[in-house]
Amino acid sequence: METGAVFPQLPESEPRRAPEGDGGNGSVDGDATRNPFAGLVSHLRASWLSGKTRPMEYRMAQLKALGRFLDDKKQEILEATASDLGKAPFEAELSEILLCKNELHETLNNLSCWMKDEQVDRNLAMQLDSAFIRKDPYGVVLIIAPWNYPIHLFLVPLVGAIAAGNCVIVKPSEVSKKTEKLVAETLPGYLDKDCFAVVTGGVQETTRLLENKFDYIFFTGSPPVGRIIMTAAAKHLTPVTLELGGKNPCYVSDTCDVTNVARRVAWGRFFNAGQTCIAPDYLLCTIEMQEKLLPALRKAIDDFYGPNPRESPDFGRIVSDKQFQRVQRLLGSGRVAIGGQTDEAERYIAPTVLVDVQPLDPVMQEEIFGPILPIIIITNMDEAIDFINSRERPLAVYAFSSDDKVVNQVLERTSSGGFCGNDTLMHVTLPSLPFGGIGNSGLGTHHGKFSFDTFSHHRGCLKRGMGWERLNAPRYPPYSQQKFGVIRATSKVTRKSDCTLL
Amino acid sequence: MERMQQIVGRARAAFSSGRSRPLRFRIQQLKALERMVQEKEKEILAALKADLNKCGPNAYSHEILGVLGELALTMEKLPSWAAPQPVKKNLLTLRDEAYINYEPLGVVLVIGAWNYPFVLVMQPLIGAIAAGNAVVVKPSEVSENTARLVAELLPQYLDKDLYPVITGGVPETTELLTQRFDHILYTGNTAVGKIVMAAAAKHLTPVTLELGGKSPCYIDKDCDLAVACRRITWGKYMNCGQTCIAPDYILCDPSIQSQVVENIKATLKEFYGEDVKSSPDYERIVNQRHFKRVKSLLEGQKIALGGESDEASCFIAPTILTDVSPESKVMEEEIFGPVLPIVPVKSVEEAIEFINLREKPLALYVFSNNKQLIKRVISETSSGGVTGNDVIMHFFLSTLPFGGVGHSGMGAYHGKHSFETFSHRRACLIKDLKMESTNKMRYPPGSQKKVDW
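About the cut-offs
- Residues numbered from 1 in each chain as written.
- Chains lettered and ligands numbered in written order.
- Predicted model: local features only at pLDDT ≥ 70, side-chain atom pairs only at ≥ 80, totals over all residues.
- Heavy atoms only, no water.
- Contact = heavy atoms within 4.5 Å.
- Buried area = accessible area lost by both parts, 1.4 Å probe.
- Salt bridge = Lys/Arg side-chain N within 4 Å of Asp/Glu carboxyl O.
- Polar contact = N/O pair within 3.5 Å; in protein donor to acceptor, adjacent residues only side chain to side chain.
- Helix = DSSP H or I, 4+ residues; strand = E, 2+ residues; numbered from the N terminus.
- Nonpolar A, V, L, I, M, F, W, Y, C, P; charged D, E, K, R; others polar.
- Pairing = 2+ DSSP bridges.
- Axes fitted to C-alpha atoms, helices over the stretch in contact; angles between N-to-C directions.
- Domains from an automatic or database assignment.
- Buried < 20%, exposed > 50% of the residue type's maximum accessible area, 1.4 Å probe, protein only.
- pLDDT = per-residue confidence, 0-100.
- Expected span 1.5 Å × (residues − 1).

A. Examining the interface of chain B and chain A more closely. Of the residues lining the interface, 111 residues belong to chain B; the matching set on chain A comes to 113 residues. Of the roughly 9300 Å² buried at the junction of chain B and chain A (both faces included), carbon and sulfur atoms supply 60%. In this assembly, chain B and chain A are joined by eight salt bridges. A salt bridge links Asp423 of chain A to Arg442 of chain B; its shortest N-O distance comes to 2.5 Å. Remark: the boundary between chain B and chain A carries 45 residue pairs in polar contact (both at pLDDT 80 or more). Ranked by the residues each element gives to the side of chain B that touches chain A, the list is headed by helix 4 (residues 56-82) of chain B, at ten residues. Looking at the side of chain B that touches chain A residue by residue, the class counts come to 52 nonpolar, 31 polar and 28 charged.

B. Spatial organisation of the side chain of Thr424 of chain A. Structurally, Thr424 of chain A is set in the loop between strand 16 (418-421) and strand 17 (442-443). A polar side-chain atom of Thr424 of chain A sits 2.9 Å from the main-chain carbonyl oxygen of Arg264 of chain A. Among all residues touching Thr424 of chain A, those that are not within four sequence positions of it are Arg264, Val265, Trp267, Gly268, Pro280, Tyr398 and Phe400 of chain A together with Arg442 of chain B.

C. Inspection of the sheet that holds strand 6 (residues 216-220) of chain A at higher detail. Residues and elements named next belong to chain A. In space, the six strands of this open sheet follow the order 5-4-3-6-7-17, with mixed pairing throughout. Bordering the open sheet on either side are strand 5 (196-198) and strand 17, each of which pairs with just one other strand. Against the sheet, helix 1 (residues 38-49) contacts strand 3 (140-144), strand 4 (167-171) and strand 5, and its axis sits at roughly 150° relative to strand 4. Running over the sheet, helix 5 (residues 152-163) touches strand 3, strand 4, strand 5 and strand 6 and is turned about 165° from strand 3.

D. How the structure looks around the sheet that holds strand 6 (residues 207-210) of chain B. Residue and element names in this part refer to chain B. With respect to topology, five strands assemble into an open sheet ordered 4-3-5-6-16, the strand pairing being mixed. Unpaired on one side and paired on the other, strand 4 (134-138) and strand 16 (409-410) mark the two borders of the sheet. Where strand 6 lies against strand 16, two bridges are found, and the strand directions are antiparallel. By the bridge assignment for strand 16, Glu210 is matched with Gly409.

E. Summary view of the environment of Ala130 of chain B. All names here are of chain B. The residue Ala130 is located in helix 5 (residues 119-130) in this model. For Ala130 and Pro104, which are 26 residues apart along the polypeptide, the C-alpha to C-alpha distance reads 9.0 Å. Every residue in contact with Ala130, bar those within four places of it in the chain, is listed here: Arg26, Leu30, Thr74, Leu78 and Phe419.

F. The domain arrangement of chain B, seen in detail. Residue and element names in this part refer to chain B. Domain annotation for chain B reports domain 1 (1-211 + 409-429) and domain 2 (216-396). Taken together, the contact pairs 14 residues of domain 1 with 16 residues of domain 2. Taking both sides of the interface into account, the surface hidden between domain 1 and domain 2 amounts to around 1400 Å²; carbon and sulfur atoms contribute 57%. For domain 1, the biggest contributors to the area lost against domain 2 are Asn53, Trp114 and Tyr116; these three give 32% of the whole. Our count for the contact surface shared by domain 1 and domain 2 stands at zero salt bridges. Going through the elements one at a time, helix 3 (41-52) and helix 4 are the ones with two or more residues in the side of domain 1 that touches domain 2. Each residue belonging to the side of domain 1 that touches domain 2 can be placed in one class, and the counts come to six nonpolar, six polar and two charged.

G. Structural view of unusual backbone geometry. The linkage connecting Pro477 of chain A with the following residue, Pro478 of chain A, adopts the cis geometry, with an omega of -10°. The omega torsion across Pro444 of chain B and Pro445 of chain B is -5°, close enough to zero to call that bond cis. Residue placement: Pro445 of chain B occurs in the loop between strand 17 (423-430) and helix 15 (448-452). Phi is positive for Phe369 of chain A, close to 50°, though the residue is something other than glycine.

H. Fine view of the pairing of strand 2 (residues 97-104) of chain B. Residues and elements named next belong to chain B. Burial within strand 2 is extensive, with seven of its eight residues counted as buried. Bridging between strand 1 (residues 85-86) and strand 2 involves two bridges; their strand directions are antiparallel. Bridging from a neighbouring strand, Gln85 pairs with Ile100 of strand 2. Alignment of strand 2 against strand 17, held across eight bridges, turns out to be antiparallel. Opposite Ala98, over in strand 17, you have Leu429 as the bridge partner.

I. Broad picture of the pattern of salt bridges. Under the defined criterion, the tally for this structure stands at 52 salt bridges over all chains. Two residues, Asp182 of chain B and Arg12 of chain B, come together in a salt bridge whose shortest N-O distance is 3.1 Å. Placement of Asp182 of chain B in the loop between helix 7 (170-176) and strand 5 (183-187) and of Arg12 of chain B in helix 1 (residues 2-16) is noted, with a sequence separation of 170 residues between them. On the basis of relative accessibility, which here comes to 7%, the residue Asp182 of chain B falls in the buried class. Connected via shared salt-bridge partners are Asp129, Arg464 and Arg475 of chain A together with Asp390 of chain B.

J. Representation of the confidence of the model for chain A in the model. All names here are of chain A. For chain A, per-residue confidence averages 91 on the pLDDT scale, and 90% of positions sit at 70 or higher. Contacts from residues 1-30, a stretch scored under 50 in pLDDT, to residues over four places away or in other chains number 51 contacts. Taken as a whole, residues 496-502 scores under 50 in pLDDT and shows two contacts with residues more than four places along the chain or in a different chain.

K. The arrangement of helix 1 of chain A in detail. All names here are of chain A. Its twelve residues give helix 1 an end-to-end C-alpha distance of 16 Å, which sits within 8% of 16 Å, the value for a rise of 1.5 Å per residue. In terms of burial, helix 1 is largely enclosed, as nine of its twelve residues are buried. Within the sequence span of helix 1, burial applies to Ala38, Gly39, Leu40, Val41, Ser42, Leu44, Arg45, Ser47 and Trp48. Where helix 1 is buried, its residues meet strand 2 (130-137), strand 3, strand 4 and strand 5. Of the residues trailing helix 1, Gly51 is marked for its positive phi of about 85°.

This is the structure in C-alpha cells:
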C-alpha cells in the first residue's frame, strides 16, 4: 500500500528498546490488531533518530515539494472542497491555496534564520562562556485536522512541523471525504515516505492512533474532543497545541459607519457558509443600531450573493447531514429577520440574521458554525463587555467603532485568543501575529515563526571552558562567608537604583 | 472540600476585580516579596536546615540568592516585557495597528517540590505575579518546615486573596487539581506529572511540567580529568544528590574509569574532609522512604567508593559504582541520591546511542577538550538543557529557558521565560472603519480577475 494509510506494514527490523518505558516505540510487539499504527510510528521515529530531517537543505526540499503539491493539485483541491463543502472556488483559492503558500514562502524565506542558535545575554560569571538556545525537533509529530478548511488546517501546521525538523503523521478529517481521499492518495508522493505519512479513518482509527507515543500533537477541532486529545497525550507526557473554538462576540457601537460594518461582518460570518472557527458568532448592539444594521446587512448579503444566495456560486454549503440538522435547529431561536430558507437535499442554509434572541436560547448555547448571525440587544458598551466576560473565553473578539477609545476598552476589558478592531477574520492573515486560543478556545499558537517555535524544543545550552577553574572555587565546599561574598558579587543582578557596598 | 473551592474562588474573584493587572501593583507585590526574603532570611535558612540539613551559606546561595536575583531582574524588566509588541505588517495591513498584547492568564497554580523547597515555589510565583495573575501556591508537604513557613509568611507580605497558600499532601493536592486553573506549573516526578496533565486536560488548562529523568554525563578521554571530576563531584553530591539536574550517571571509556574514581575521591576529601558524616556542608536524604529507596539501588553493585549509610540520620555517603550494567535497577530510575554509577562505553557513538535509547533527560553533560565532539553530542541527542564542560550551571543563567522535553517535562521558565509562560500573547489587529475600497477585492462575487490580482 503505497500511501501507508490505514494499515501500514511493520518495518523490517525494529530498534532496540530501553528497559523501562519504550523509548517511545508504542506497544512491545506492534501486534497489528492491537495497535495497528505502532509499526508506522516506530518507523518514523527511527527515521527521526537517524538525523535525516535535521539538515536545512532536507527541510527546504520537503517544503518546496509541498509547494509543488499545492500548484499541481490546485484544480483537484478546488473540486474536492467544492464537493465536500460547496466551497466557492474564490474562497477555496484564498484559504486553501493562497494563505498556505504565504506560510510556505514566509517559512522558506526565514528558515535559515529561525534555525540558528539564539545567543543570549550572560551574567558576569559566564562572560567567557557560550550561551544559546538551540531549536531541536521534537521527533514524531501528529497533526489532526478538521473538515472546514481541510487543506489549510493540516498544511499550515505541517509547514511548521517540517521546518522544525520533525517527522509527521497527518490525520485529515474523514468528514470532508473527497479532500481526505485526495490528500491520502497524492500527498505522500510529494514527501519523503520514511518521514511523513497520511493516516485516514474516523473516531476509532484516531483513538488507536492516539495510543501511540507522539512527541507533539497538534489538534484543530472542538473543545470536547480537545479534552480527549489532551487526556490521551497526558499518558505519554506529550505536549500539545489545541486550536479549538467558541462563540466569538462581535460588538458594534452606536458610533460607526453602518455600511462598512455590515459588509465586514457579513463577509466574516457567511464565508464558507459560516463554518469558520474565527467567524463572528453573534452580534451585540443597541436596539437603535440594530434598526440601522438590518437594512445594511440585507444590502451586503444582496451585493455579495445576489437576491437568491442559493444560486450564487460564491456561497457554500453545510458539510454533512448531521451538521445541517444541527444548524437548522438553531433557526428556531428568536425571529428570522433576514434569510432563514433551507434546502435539505443541498444542505443549503441561507445567510440568516436572527433578532429577539435571548441569552438562554439554543443559538446562544453552542458555537453556531453555520450561516446564522443572532443579534443580542444591550444598552451600552459596559453591558456588552459584561456579557462577553460572563462566558467562556473565545478564539476571537471583534469590536466595531469609529471611536478608538471604544475599541480599546473592549480590547482591554475582555480576554480572547485574538482581537480584531473594525473588521473580522483579518488578524489571522498576518503571519507575524500568533494564532491561538485561551481557556476553552485552546492552548498554544502557530502561524509564521510561531509554528516553527511551537514544533521545536527550545534547549538552553551553556558551553564552558575547562580552564579558569580558580574562578569556580567560591562555589565548592567547605563553605565560608568569604566565599559566599564572591558568589554574591559575580552572580547578582542589581537594581539600577540600588547602592551596593563593595 | 469546600475550603479548597472557596480559596480558589476568592482568588478568581480577586483576579476578576482587575487589581492584579496594573504594573504598579505587580511591582509593589514583588517588592514586598523581596522585603520578605530579606527580613526573614534567618527563618528561611532555619526551615531549610530542618528539612534537608542544608547549611547556611549553601542554602543561601542555592535558594535565596537566586530568588533575590530573579526579583531584581523582574522588577527592572517588567515594563519592557509587558509592553505591547508591534509586529511586521504586510501590504494589506500597512495602515493598521498590529501588535501582540501580553495579558495575564487568570488564576495560576504552582505546585512545588521538596528538594529545593523555597526556590521552587518562589521562582514560579515571581513570574506568575509579574504576568498579572492570581496565584495559588502549594508547597511540598515533604519539606514540611518550609511549607509551614511559606504558608505563614506569604499572607503577611502579599495580597491575601490573590496569592493564597494551600498546604497538605496527596488528598489535598488531588482535590485542588479538580478546580479550574488557567495554568499549572508543577515541579516533581514523571508519574505525578502525568496525573497533573490529565487533571488539567479536563479544564483544557495549559501546563508547565518540570520533571526529571536520568541526566547523563559523558566524559571524553581527551579532557582535563581533574577539573571535570571536581565539577562533577560538586554537582552530583550537592543536596545529597537530590537535584533534578544532577549528573545522574557517567558514561566513559573503561580505560579512564579508575582515574575518574580517584579524582572524585580526592575532590570529596577536599570538599567534605576525612569524615563526610561530620561535615556541616553535607546534606541528608529527605526522609526514610527515600533513604530506603536509594540504599536499595546499591544491591549487587560494585562499590568503588562509599556505600556507608546510617538509617537513623538518613545519611548515605558519597558513593561511586563501577562497571554498572545498563539493565540494573540503578539504571532504571532517576537516582536522586548520592550514588554515581559509571557505565563504560567504548566510543562517543556508543554513548550517543545509549542516551538516545532512553527517555529524554532534563539535562545532558559532556566533558571534552574537543569542541567538535561537544557539538556533535549536543546535535545528535535531545534533552531539556545542556551544560558543556561543567554541570548544573545552565540553570543559573536566567536568559536560558529552563525546562524539560519528553518525559523530563514540557514548557520552561526563569527570567523572561517565566513572564511569557504565565502570559497570554493576544494577537491584536486594529483597522480603520474607513478605507473600505481596499476590502472590495476580498468580497464576493468572486472572479478570476480578483484572484489573479
